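Close look at the chain arrangement
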Amino acid sequence: MDLGVRWKLHGDGRTPAPGAVVRPDERLSWPRTAGLGAQHVVAMFGASFVAPVLMGLDPNLAIMMSGVATVIFLLATRGRIPSYLGCSLSFVGAAAVIRAQGGTSATVTGAVFVVGVAMFLAGLAVQRFGARIIHAAMPPIVTGAVVMLIGFNLAPVTATTYWPQDQWTALLVMLFTGLAVVCLRGFWSRVAIFLGLVFGYGISWAFDRIFGKIHSVDASGKVTDHWRLDLSGVGEADWIGLPSFHGPSFEWSAILVALPIVIALIAENTGHVKAVGEMTGDPLDDKLGTAISADGAASMLSTAVGGPPNTTYSENIGVMAATRVYSTAAYWAAAGFALLFGICPKFGAIVAAIPGGVLGGITVILYGLIGLLGAQIWINAKVDLRNPLNLVPAAAGIIIGVGNVTMKFTDTFSLSGIALGTLVVIIGYHTLRVFAPAHLKKQEPLLDEGTSSYSEGGENSEDGKDSKAAEGVRRAEP
């Protein structure tokens, strides 16, 4: 059985010829491959270690399980899809809602475990029936609205938890990160979040030296005098040790909050597979279902031991676009580095020491970008928002999701925010479509341009060159 773990040496193994690409089944020399792997780890750091912190989970375990998830993904896809699986930011809002309802870390990972099961089953369905089954149930108007409400639902987390801890540091970090995203090019623009974190650490340290302790709310929500950057835990942490593990706990209220995120993950995975296929020149239609199932299986394994869910990372896709090196050997090297970081408690202590003000500045941009990806889905699919069939369910669902509107059914069961908003969008759209006049139902294309080549006929949309994936590749090139 070919597991995609054999690679041909590309050229002399040193530097690819001008215009040449290193294909997934090729590699450079092992020292260069290791260096590329380290670069991929740096690329995923920005979001992959912020996400577990925001979810209240162990960052060491998150990094370790991202390495394990990447190995599972590479083996499942037989080395045809070079991708790194890092901690998904899509679940941050759901985790905040679950904890606000009194849920623990076990409750969060239990809810996300069920989402992983749903992803796995969705992947099997795609393998059996083709991607059209997913896009028929979740056309672009639905997918875009759900992604949008997931991102914007996070706004109160920034406004009430992180930003008040140190508003001036938050403002400076926001400005620096924004400049890094816009002004830097190629690889450096892809690690702008990581650069923002480093800048935030430096600013917080400098402000502590210049102004002393700050009088504001701390991470627990109490107003105290405290240091912005407290590295005392770093000195006490060991260099080598296992992260903390725990089993999941299953509660229906938490599961219903997290389950709608499967829509965003399926859309995200499909877009990433499309982008990788375009870059490598290898049609990956037959591997889409496998990729989605592998993502679900990896998330199930991670959450089963107390880690966060995982998803394919666009940051690493951007690194490939910039370097034109698509070797899966580099991703095996990256997975190895992630496993090493996972057994270093000192690394986890550094991550845990991220000042609240720094997170405030970063999440202002990060959460907004997540929400606006929903608008990007609408734009790429040319969704007509003048059509009331599209406009009404999306408008209602977004307001419910962003405003955390609550629907109470019994004394012990209610739906609110993300879960309720998603149900309103999906059920509302398909119900209205049943009763809508024929002229409102004529919306083309059914599939968004970024994923339309995965339809049963395998045909691209009329203007495939404007697809989201292609645009992402063009922007990532230096």
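Okay, so let's go over this structure.

The rules behind each value
- Residues numbered from 1 in each chain as written.
- Predicted model: local features only at pLDDT ≥ 70, side-chain atom pairs only at ≥ 80, totals over all residues.
- Heavy atoms only, no water.
- Helix = DSSP H or I, 4+ residues; strand = E, 2+ residues; numbered from the N terminus.
- Buried < 20%, exposed > 50% of the residue type's maximum accessible area, 1.4 Å probe, protein only.
- Contact = heavy atoms within 4.5 Å.
- Areas by Shrake-Rupley, 256 points an atom, 1.4 Å probe, with all protein chains shown as cover.
- Core = buried A, V, L, I, M, F, W, Y, C linked by side-chain atoms within 4.5 Å.
- Phe/Tyr/Trp six-rings, centres within 6.5 Å; stacked < 30°, edge-to-face > 60°.
- Lys NZ or Arg CZ within 6 Å of the ring centre and 35° of its normal.
- Salt bridge = Lys/Arg side-chain N within 4 Å of Asp/Glu carboxyl O.
- Polar contact = N/O pair within 3.5 Å; in protein donor to acceptor, adjacent residues only side chain to side chain.
- Arc of directions from axis to C-beta.
- Expected span 1.5 Å × (residues − 1).
- Axes fitted to C-alpha atoms, helices over the stretch in contact; angles between N-to-C directions.
- Parallel < 35°, antiparallel > 145°, perpendicular 65-115°, else oblique.
- Left-handed = near helix turned anticlockwise from the far one by under 90°.
- Nonpolar A, V, L, I, M, F, W, Y, C, P; charged D, E, K, R; others polar.

Observations concerning the overall build of the protein
From N to C terminus, the protein includes 22 helices and eight strands. Expressed as a percentage of its 478 residues, the buried residues of the protein come to 55%. Put simply, of all contacts in the protein between residues at least 6 apart along the chain, 78% involve residues at least 24 apart. Accessible surface, the protein: about 20100 Å² in total, of which carbon and sulfur atoms supply 65%.

With respect to the side chain of Ser-66
Note that Ser-66 resides in helix H3 (residues 59-76). Non-local contacts of Ser-66, meaning those with residues more than four positions away in its chain, are made with Met-44, Tyr-84, Leu-85, Gly-86, Asn-310 and Ala-338.

Concerning the nonpolar core
In this structure, Phe-49, Leu-54, Met-55, Ile-266, Ile-354, Tyr-367 and Trp-378 are the most contacted members of the largest nonpolar core, which totals 98 residues. Among all residues touching Ile-266, those that are not within four sequence positions of it are Met-119, Ala-122, Ile-134, Met-138 and Ile-292. In this structure, Val-22, Leu-36, Val-325 and Ala-330 belong to the second largest nonpolar core, which totals five residues.

Quick notes on the packing of aromatic side chains
The way to describe two aromatic rings as a pair is by their centre distance and the angle between their planes. Counted according to the given criterion, the structure contains four aromatic pairs. Taking the centre distance of 5.9 Å and the plane angle of 85° together, the rings of Trp-7 and Trp-30 count as edge-to-face. Here Trp-7, found in the segment before strand S1 (8-9), pairs with Trp-30, found in helix H1 (residues 30-48); they are 23 residues apart in sequence, far enough to count as distant. Relative accessible area serves as the criterion here: at 47%, Trp-30 is assigned to the partly exposed category. Measuring from centroid to centroid gives 4.2 Å for Phe-176 and Phe-199, while their planes differ by 5°, and the two rings are stacked. On the criterion of sequence distance, the pair formed by Phe-176 in helix H9 (residues 167-183) and Phe-199 in helix H11 (residues 192-211) is long-range, its members being 23 residues apart. Phe-199 sits in the partly exposed class, given a relative accessible area of 24%. Here the guanidinium or amino end of Arg-209 rests over the ring plane of Trp-227, the centre of that ring lying 5.8 Å away. Stacked on the ring of Trp-239, the Lys or Arg Lys-346 has its end atom at 5.0 Å from the ring centre.

Considering the pattern of salt bridges
For the structure on display, the rule yields four salt bridges. In the salt-bridge network here, residues are joined through shared partners; they are Asp-166, Asp-208 and Arg-228.

Observations regarding unusual backbone geometry
In this model, Arg-78 sits at a positive phi of 55°, which is unusual for a non-glycine residue. Here Arg-78 shows up in the loop between H3 and strand S3 (85-87). Residue Arg-78 is classed as partly exposed on the basis of its relative accessible area of 31%. Here Lys-382, not a glycine, exhibits a phi torsion of approximately 55°, which is positive. Within the secondary structure, Lys-382 is located in the loop between helix H19 (356-380) and helix H20 (388-403).

Regarding the side chain of Asn-390
Inspection of the secondary structure puts Asn-390 in helix H20. Asn-390 gets classed as buried once you look at its relative accessible area, which sits at 0%. Among the polar contacts made by the side chain of Asn-390, one reaches the main-chain carbonyl oxygen of Asp-384 at a distance of 3.0 Å.

Comments concerning the environment of Pro-388
With respect to the secondary-structure elements, Pro-388 resides in helix H20. Residues Pro-388 and Ala-436 lie 48 residues apart in sequence; the distance between their C-alpha atoms is 9.4 Å. The contact partners of Pro-388, leaving out residues within four places of it in the chain, are Pro-393 and Leu-440.

A look at helix H8 (residues 155-162)
When we look at burial in H8, the residues that qualify are Val-157, Thr-158 and Tyr-162. The arc that holds the buried residues of H8, viewed along the axis, is 95°, so those residues lie on one side. Against the buried residues of H8 lie helix H2 (50-55), helix H4 (92-100) and H19.

Some thoughts on helix H21 (residues 417-435)
Its 19 residues place the ends of H21 27 Å apart at the C-alpha level, agreeing with the 27 Å of an ideal helix rising 1.5 Å per residue. For H21, the set of buried residues is Gly-417, Ile-418, Ala-419, Leu-420, Gly-421, Thr-422, Val-425 and Tyr-429.

Examining the packing of H3 against helix H17 (residues 328-342)
Where H3 meets H17, the axes come as close as 7 Å, and the angle between the chain directions of the two elements is 155°. The pairing of H3 with H17 is recorded here as roughly antiparallel in orientation. Regarding H3 and H17, the two cross each other, and that crossing is left-handed. Touching Asn-60, Ile-63, Met-64, Ser-66, Gly-67, Val-68, Thr-70, Val-71, Leu-74 and Leu-75 of H3 are Thr-328, Tyr-331, Trp-332, Ala-335, Ala-338, Leu-339, Phe-341 and Gly-342, all from H17. The class makeup of the residues in the contact of H3 with H17 is twelve nonpolar, six polar and no charged.

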